[in-house]
Amino acid sequence: MKNDLRWMQAQIVALRDVTPTVREFELRPEPGFAATYEPGSHLQVQVMAAHGKLQTRSYSLVGEGDGQCWRIAVKRLDDGRGGSLAMWRLAVGDRLQVSAPQNHFALDLSAPGYLLVAGGIGITPLVMMAERLGDHARRTGVPVKMLYGARHAGELAYLDKLRAALGDDVVAHEGAAPIDFAAAIAALPAGGQLYTCGPVPMLEAVKRAWQAAGRAPADLRFETFGSSGRLPTQAFTVRIPRHDLAITVPADCTLLEALDAAGVETLWDCKRGECGLCAMDVLAVDGEIDHRDVFLSEHEKQAATRICACVSRAVGTLTLDSAYRPDS
């Protein structure tokens with residue numbers, strides 16, 4: 001449960017394919033609403049997926065704005081839950097329900113140095129950060145470095161914008177070879193900040209390198225799109241003894257959405273596996289949990305006694321506790 005967002009209509013005024021699998025949408029909000037935002041902001045977007053199912057998706061705002069329109073970028077996921085494919089079916093002139101911009105990934109301009117790390121579509125919130133920090137670096141001399149990885153060169157979206165902002169301080173990595181996060185962190189001035197967004201395995205590797213370097217946890221800022229896991233996305237079963245329920249979580253539905261549809265009230269906030277508000281106690285596992293969050297520690301994930309319902313999944317059957325307690 002969460003406070004209601006402010007929703008409004010926005011019209012698609014332009015489309016552009018940034019890479020073969022990443023499409024940029026330019027959205028104009030309804031009259032009377034200025035399209036302003038700060039680095040790290042995102043929109044919630046409601047889209048009608050397959051079988052007439054309304055889904056809410058979170059998309060980062062890309063690049064410096066003009067005050068008139070928002071830009072988001074959507075990676076097409078043919079084996080996803082249907083939201084990206086529904087977005088790709090939209091055309092110029094179509095209208096969407098969108099939220100006012102929110103920001104849980106704000107940029108702090110007071111640090112003595114910056115390291116930006118992006119993986120794949122995780123580049124989207126970091127484009128505006130790179131632009132803002134490039135200007136900041138030219139004024140102050142504060143060092144800024146960016147590491148940007150993708151499966152191949154054709155998927156390095158917005159690389160031209162990034163190099164225009166940061167020049168040779170953008171280092172692109174192609175393919176599956178590991179990135180030397182430790183060396184980049186070692187070059188960051190004491191008290192410097194690291195901002196990162198990308199798939200969960202990359203974020204976990206960044207976290208391990210940051211911790212091994214003895215850096216302050218508060219100086220590592222991250223955002224995840226919560227769409228990647230170790231195991232294939234498939235339906236699984238959840239039992240909730242307190243409600244005498246057994247429900248199936250379809251492949252195109254999150255655990256959180258399935259619980260809500262079954263009438264099981266669950267606290268939540270970010271819906272990206274970051275805040276931990278939706279974490280539930282796991283009573284039993286017949287199968288395996290696929291942790292897709294960045295909130296639980298490695299020890300907690302290995303213990304398999306908690307799960308972040310907004311993004312994490314399972315193979316097999318989970319038995320969960322809930323916050324429900326009968327009146328005494």
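Just so we're clear, the structure is a prediction, and the values are computed from it rather than from any experiment. (Residues numbered from 1 in each chain as written. Predicted model: local features only at pLDDT ≥ 70, side-chain atom pairs only at ≥ 80, totals over all residues. Heavy atoms only, no water.)

Engineer: Could you clarify how one ought to interpret the overall build of the chain in this entry?
Structural biologist: Helix and strand counts for the chain stand at seven helices and 17 strands. For 328 residues, the compact-globule formula gives about 20 Å, and the C-alpha radius of gyration of the chain, at 20 Å, lands near that figure. For the chain, the C-alpha atoms occupy an extent of roughly 65 × 50 × 40 Å along the three principal directions. Taken across its 328 residues, the chain has 48% of its residues classed as buried. (Helix = DSSP H or I, 4+ residues; strand = E, 2+ residues; numbered from the N terminus. Rg over C-alpha atoms; globule rule 2.2 N^0.38 Å. Buried < 20%, exposed > 50% of the residue type's maximum accessible area, 1.4 Å probe, protein only.)

Engineer: It is not clear to me how the pattern of salt bridges should be interpreted in this structure. Could you clarify?
Structural biologist: Side chains that differ in charge, positive against negative, can pair when their charged atoms come close. This structure, assessed with the given rule, holds 14 salt bridges. The residue Lys 75 makes a salt bridge to Glu 155 at a minimum N-O spacing of 3.6 Å. Taken together, the residues Lys 75 in strand S5 (residues 70-75) and Glu 155 in the loop between strand S9 (144-150) and helix H3 (159-166) connect sequence positions 80 residues apart. A salt bridge links Arg 242 to Asp 321; its shortest N-O distance comes to 2.7 Å. Taken together, the residues Arg 242 in the loop between strand S13 (236-240) and strand S14 (245-249) and Asp 321 in the segment after strand S17 (313-320) connect sequence positions 79 residues apart. (Salt bridge = Lys/Arg side-chain N within 4 Å of Asp/Glu carboxyl O.)

Engineer: Would you take a moment to explain the sheet that holds S9 for this structure?
Structural biologist: As a general point, the strands of a sheet are linked pairwise by backbone hydrogen bonds and lie either parallel or antiparallel. Within the open sheet, the five strands sit side by side as S10-S9-S8-S11-S12. Their pairing is parallel. Each of the sheet's edge strands pairs with one partner strand only, and the pair in question is strand S10 (170-174) and strand S12 (220-223). Within this sheet the neighbouring strands show an average axis-to-axis angle of 15 degrees, counted without direction. Pairing of S9 with S10 involves five bridges; the strand directions are parallel. Considered in S10, the bridge of Leu 147 is made with Val 171. Packed onto the sheet, helix H2 (residues 124-140) meets strand S8 (114-119), S9, strand S11 (193-197) and S12 and runs at close to 155 degrees relative to S8. Against the sheet, helix H5 (residues 200-212) contacts S8, S11 and S12, and its axis sits at roughly 165 degrees relative to S11. (Pairing = 2+ DSSP bridges. Axes fitted to C-alpha atoms, helices over the stretch in contact; angles between N-to-C directions. Contact = heavy atoms within 4.5 Å.)

Engineer: Just to check I follow, could you spell out H5 for this structure?
Structural biologist: Owing to its 3.6 residues per turn, the α-helix brings residues three or four apart onto one side. Compared with an ideal rise of 1.5 Å per residue, which puts 13 residues at 18 Å, H5 spans 18 Å between its outermost C-alpha atoms and is within 8% of the ideal. Just beyond H5, the residue with positive phi is Gly 214, at close to 70 degrees. (Expected span 1.5 Å × (residues − 1).)

Engineer: Could you clarify how one ought to interpret the nonpolar core in this entry?
Structural biologist: Soluble globular proteins tend to bury their nonpolar side chains together. Core analysis: the largest hydrophobic core is formed by 30 residues, its most contacted members being Ile 123, Met 146 and Tyr 148. At five residues, H2 tops the list of elements feeding residues into this core. Apart from residues lying up to four places away in sequence, Ile 123 is in contact with Ala 118, Met 146, Tyr 148, Ala 157, Tyr 158 and Leu 162. Within the second largest apolar cluster, 25 residues are counted, among which are Val 238, Val 264, Met 280 and Leu 320. (Core = buried A, V, L, I, M, F, W, Y, C linked by side-chain atoms within 4.5 Å.)

Engineer: Explanation requested: the packing of aromatic side chains in the structure shown.
Structural biologist: The geometry of two aromatic rings is summed up by the distance between their centres and the angle between their planes. With the rule as written, the count across this model stands at three aromatic pairs. The aromatic ring of Trp 210 is capped on one face by Arg 215, whose charged end is 5.7 Å from the ring centroid. (Phe/Tyr/Trp six-rings, centres within 6.5 Å; stacked < 30°, edge-to-face > 60°. Lys NZ or Arg CZ within 6 Å of the ring centre and 35° of its normal.)

Engineer: So what exactly am I meant to see when it comes to the environment of Tyr 37 here?
Structural biologist: With respect to the element layout, Tyr 37 can be found in the loop between strand S2 (22-29) and strand S3 (41-48). Owing to a relative accessible area of 10%, Tyr 37 belongs among the buried residues under this scheme. Sequence separation between Tyr 37 and Ala 100 is 63 residues; the distance between their C-alpha atoms is 9.4 Å. Within the local environment of Tyr 37, its side chain forms a polar contact with the backbone oxygen of Gly 63, the two atoms lying 2.6 Å apart. (Polar contact = N/O pair within 3.5 Å; in protein donor to acceptor, adjacent residues only side chain to side chain.)

Engineer: Explain the environment of Leu 267 to me, please; I cannot follow it from the model alone.
Structural biologist: Mapped onto the secondary structure, Leu 267 falls in the loop between helix H6 (255-261) and strand S15 (279-290). Residues Leu 267 and Cys 310, spaced 43 residues apart in sequence, show a C-alpha to C-alpha distance of 9.9 Å.

Engineer: Please explain the sheet that holds S13 as it appears in this structure.
Structural biologist: With respect to topology, five strands assemble into an open sheet ordered S14-S13-S17-S15-S16, the strand pairing being mixed. The sheet is open, and its two borders are formed by S14 and strand S16 (306-308), each paired with just one other strand. The mean inter-strand angle of the sheet, taken between neighbouring strand axes irrespective of direction, is 40 degrees. Two elements, S13 and S17, share three bridges in a ladder whose sense is parallel. Of the residues in S17, the one forming a bridge with Arg 239 is Thr 319.

Engineer: Quick question: what am I supposed to make of the packing of H2 against H3 here?
Structural biologist: Working note: a packed helix pair is described by the angle between its axes plus the distance between those axes. Two numbers describe how H2 lies on H3: the axes approach to 8 Å, and their chain directions differ by 15 degrees. Of the possible angle classes, the one that applies to H2 and H3 is roughly parallel. Remark: the crossing between H2 and H3 carries left-handed chirality. In this structure, H2 contributes Val 127, Ala 130, Glu 131, Gly 134 and Arg 138 to the contact, and H3 contributes Lys 161, Leu 162, Ala 165 and Leu 166. Class assignment of the residues belonging to the contact of H2 with H3 gives a composition of five nonpolar, one polar and three charged. (Parallel < 35°, antiparallel > 145°, perpendicular 65-115°, else oblique. Left-handed = near helix turned anticlockwise from the far one by under 90°. Nonpolar A, V, L, I, M, F, W, Y, C, P; charged D, E, K, R; others polar.)

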